[in-house]
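Here is what each chain is made of, one letter per residue.
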Amino acid sequence: MKIVVCVKQVPDAKDVRLDPKTNTMAREGVQSIMNPYDRHALEAAVQLKEQFGGTVVALSMGPPQAEETLREAVACGADEAVLVSDRAFAGADTWATTYTLGRAIDKLGGVDLIICGKQAIDGDTAQVGPGLAQRLDLPYVAYAKKILGCAEGKIRLERLMDDGYDVVEMKLPGLLTVVKEINEPRVPSLKGKMKAKSMKARVLTAADLEADPASLGLQGSTTQVVRVFSPEFRAERCMLTGTVSEQVEQLLEKLESLL
Amino acid sequence: MLKIDIDACIGCGICESTCTFGAIKVEDGHAVVGDNCTLCGSCVEVCEVEALTIERTAKEDGGDLAEWSGVWVFAEFRNGRIAPVSFELLGVGRRLADLRSAPLAAVLLGSGLDRQARELIAYGADRVYVVDEPALADFTDDAYGNVLATLAREHKPEILLAGATAIGRSFIPRVATMLATGLTADCTDLAIRSDDGVLLQTRPAFGGNIMATIECPHTRPQMATVRPLVMKPCQYDDQRQGEIVEVKLDPALLESRVKVLESVRSKDEQVNITEADILVAGGRGLESEKGFGLVRELAEVLGGAVAASRAAVDSGWIGYPHQVGQTGKTVCPKVYVACGISGAIQHLVGMQSADAIIAINRDENAPIFGVATYGIVGNLFEVLPALIDRLKEQRSGKAGN
């Protein structure tokens, strides 16, 4: 089985803050990490490889430093690493991103399964997985929470729904997006770390993808950011002070009026 | 590409402080842009000497945009009922349609449909396209996507809205890709720009740390998904008139490469936390499953439902359907009691629009106090039992009378 895992290097979103006065991102101590959902995607791919044989290719679209994330992927079981990188890709929204990743997967060829994380924690759109499947005219299942089995060119799995889950069956080749419940990502093994150390990712540029320049990056995007701002929160607040019983009495009063 | 006019640049550094990605810096007296520039344009706006420009090749519209008009809402039908978010979307859709002087239509897919189209009209739709087929009894991305894309191509709505539910987030990106148009996910606000009538879509990014307003200027329809409980539905009016259009499509469109073998409803909770008026939520501050029991007790005595932060769910004290936040549910109850929850932004985005927020935390600097209507800084292992006891007293006192 040839499995491609899409991974993205993202700022650790929980540490990202916007200073409302200056509109700057406070970037001190904000690390770049592998998108957490992609760790689960990679683990799912490596487990399938261990069960059925094959190769796992970690694929990332990003600036040159995204190679660090691909290195991590190799340390955690990916066999190959491909970095799709070009200044022409900058400013890409999900439409331009799925075009670019689609061209890369076409270039790689012979792919049986593509696994993506549910969403990236910077953009938070969850659009690339389904969009990429559509670009490649492949079936897909989003929010996979458990892989039940794989046989005769079909994969059976549980897909998370708002009210529970569905058991579904998808023909391969196809694409999955995964949620965190699906597995516990492994930590890199010593062997993996050593392999990752000496690894050099294969780099694909816009020219390598034979990509249409008008479909790339900002130019190729269908959406555009108009402005970016800090979320505002309500100003009114009342701290209840005193001893525990005093605080509780005050709260009871407030609750009376609320309920 | 971001172009820097080095002669015009005075090296003042305003761009560097404005850049939300740390991609532009002042070096050797002038601005230098790095690889991670996303071309968002924030620096261009603030540069006082106009030294920065983003080169954009004039983009052509994808066809004659004037041919596209009307606001559409995808009405989600599952387990015998329309998901409430669909009515909320008709609420915002009604407002947008009126601003655009255009009709509001709903698209209803499913099997064994009955009064649902009338319900959608009562909630504001002028027209409902109904596709009632056995093949649509289960949700599949292929069939639902094919149907919605086909109808959109034929009738050309200018705006297409759907709920950011598991179903919406799964198939709407496929529809947007089929229609070669832009999609903005999880919008918290939708507005029409007065000078050109374009839809302005506002949404959180970076886990809610940043808000972005987005437009889709050159292609149609302008598509957006909206989370449940963000918008308000119109008043239900069963006297409202509207048109119901029953649609029959080529059966090939209803085929799916993915088969649904079984649908399993979660046994975990009869109460859907998004529908509760009172929520008592617990976080890391409760320290253990036993500690979390206080949250359950308080919920019970208040007659509310139990919710949780991601930390509590990850610790195994309660199941994922109770999780509130960026990666959980969005709730909007009358009262939200946050116990031992610090108030990380990823949690706040899921509950900040509650009517009243009560926070109990031992850290006076916890961000939760920034959104709480009433805050108690204290030890929740003292406060909660005292509160529970007093509420029980009150309750039995009332019963006694």
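It should be emphasised that the depicted structure is a prediction, and the values quoted were computed from it without experimental measurement. (Residues numbered from 1 in each chain as written. Chains lettered and ligands numbered in written order. Predicted model: local features only at pLDDT ≥ 70, side-chain atom pairs only at ≥ 80, totals over all residues.)

**Observations regarding the overall build of chain A**
Along its length, chain A carries 6 helices and 15 strands. Dimensions along the principal axes, computed over C-alpha positions, put chain A at roughly 70 × 40 × 40 Å. When burial is assessed residue by residue, chain A has 53% of its 259 residues classed as buried. Sequence-distant contacts in chain A: of pairs separated by 6 or more residues, those separated by 24 or more amount to 70%. (Helix = DSSP H or I, 4+ residues; strand = E, 2+ residues; numbered from the N terminus. Buried ≥ 20, exposed ≤ 12 C-beta atoms within 10 Å, placed from the backbone. Contact = placed C-beta atoms within 7 Å.)

**Some thoughts on the overall build of chain B**
Each helix and strand counted, chain B has 10 helices and 22 strands in total. In terms of overall dimensions, chain B has a C-alpha envelope of 75 × 65 × 40 Å along the principal axes. Going through the 401 residues of chain B one by one, you find that 52% of them count as buried.

**Observations regarding the sheet that holds strand β13 (residues 202–204) of chain A**
Pairing is mixed across the open sheet formed by 10 strands, whose spatial order is β13(A)-β7(A)-β6(A)-β1(A)-β8(A)-β12(A)-β9(A)-β10(A)-β11(A)-β17(B). Edge positions in the open sheet fall to β13 of chain A together with β17 (258–265) of chain B, since each of these has one partner strand only. In this sheet, adjacent strand axes meet at a mean angle of 30° when their direction is disregarded. This element, helix α4 (residues 128–135) of chain A, spans β8 (113–117), β9 (140–151) and β12 (174–178) of chain A of the sheet and lies at about 65° to β9 of chain A. Contacting β9 and β10 (154–161) of chain A, helix α6 (residues 166–178) of chain B crosses the sheet at an angle of about 90° to β9 of chain A. (Pairing = 2+ DSSP bridges. Axes fitted to C-alpha atoms, helices over the stretch in contact; angles between N-to-C directions.)

**Description of the sheet that holds strand β10 (residues 159–163) of chain B**
All names here are of chain B. In space, the 7 strands of this open sheet follow the order β11-β15-β10-β5-β8-β9-β16, with parallel pairing throughout. Two strands close off the open sheet at either side, each with one partner strand: β11 (183–187) and β16 (243–246). This sheet shows a mean twist of 20° between the axes of neighbouring strands, independent of strand direction. By the bridge criterion, 3 bridges tie strand β5 (residues 71–75) to β10 in an arrangement that is parallel. By the bridge assignment, Trp72 is partnered in β10 with Leu160. Its contacts with the sheet place helix α5 (residues 141–155) against β5, β8 (104–110), β9 (127–132) and β10, and it is angled at close to 150° to β8. Against the sheet, α6 engages β10, β11 and β15 (222–226), with an angle of about 175° to β15.

**Remarks on helix α2 (residues 67–75) of chain A**
Residues and elements named next belong to chain A. For α2, a buried count of 7 out of 9 residues is recorded, marking the element as mostly surrounded by other parts of the structure. Taken as a whole, α2 has its buried residues at Thr69, Leu70, Arg71, Glu72, Ala73, Val74 and Ala75. Gly77 sits one or two positions beyond α2 and adopts a positive phi of about 120°.

**Remarks on the domain arrangement of chain B**
Residues and elements named next belong to chain B. When its domains are assigned, chain B resolves into domain 1 (2–54), domain 2 (65–254) and domain 3 (273–400). Computed over C-alpha atoms, the centres of domain 2 and domain 3 are 34 Å apart. Listed per partner, the contact involves 8 residues of domain 2 and 9 residues of domain 3. Its residues assigned to classes, the side of domain 2 that touches domain 3 shows 4 nonpolar, 3 polar and 1 charged. (Domains from an automatic or database assignment. Nonpolar A, V, L, I, M, F, W, Y, C, P; charged D, E, K, R; others polar.)

**Describing the interface of chain A and chain B**
On the side of chain B, 82 residues touch chain A, which itself brings 72 residues to the contact. Here the side of chain A that touches chain B is built from residues that sort into 38 nonpolar, 18 polar and 16 charged. Pairing of strand β11 (residues 164–171) of chain A with β17 of chain B, which is carried by 7 bridges, proceeds in the antiparallel orientation. By the bridge assignment, Val167 of chain A is partnered in β17 of chain B with Glu262 of chain B.

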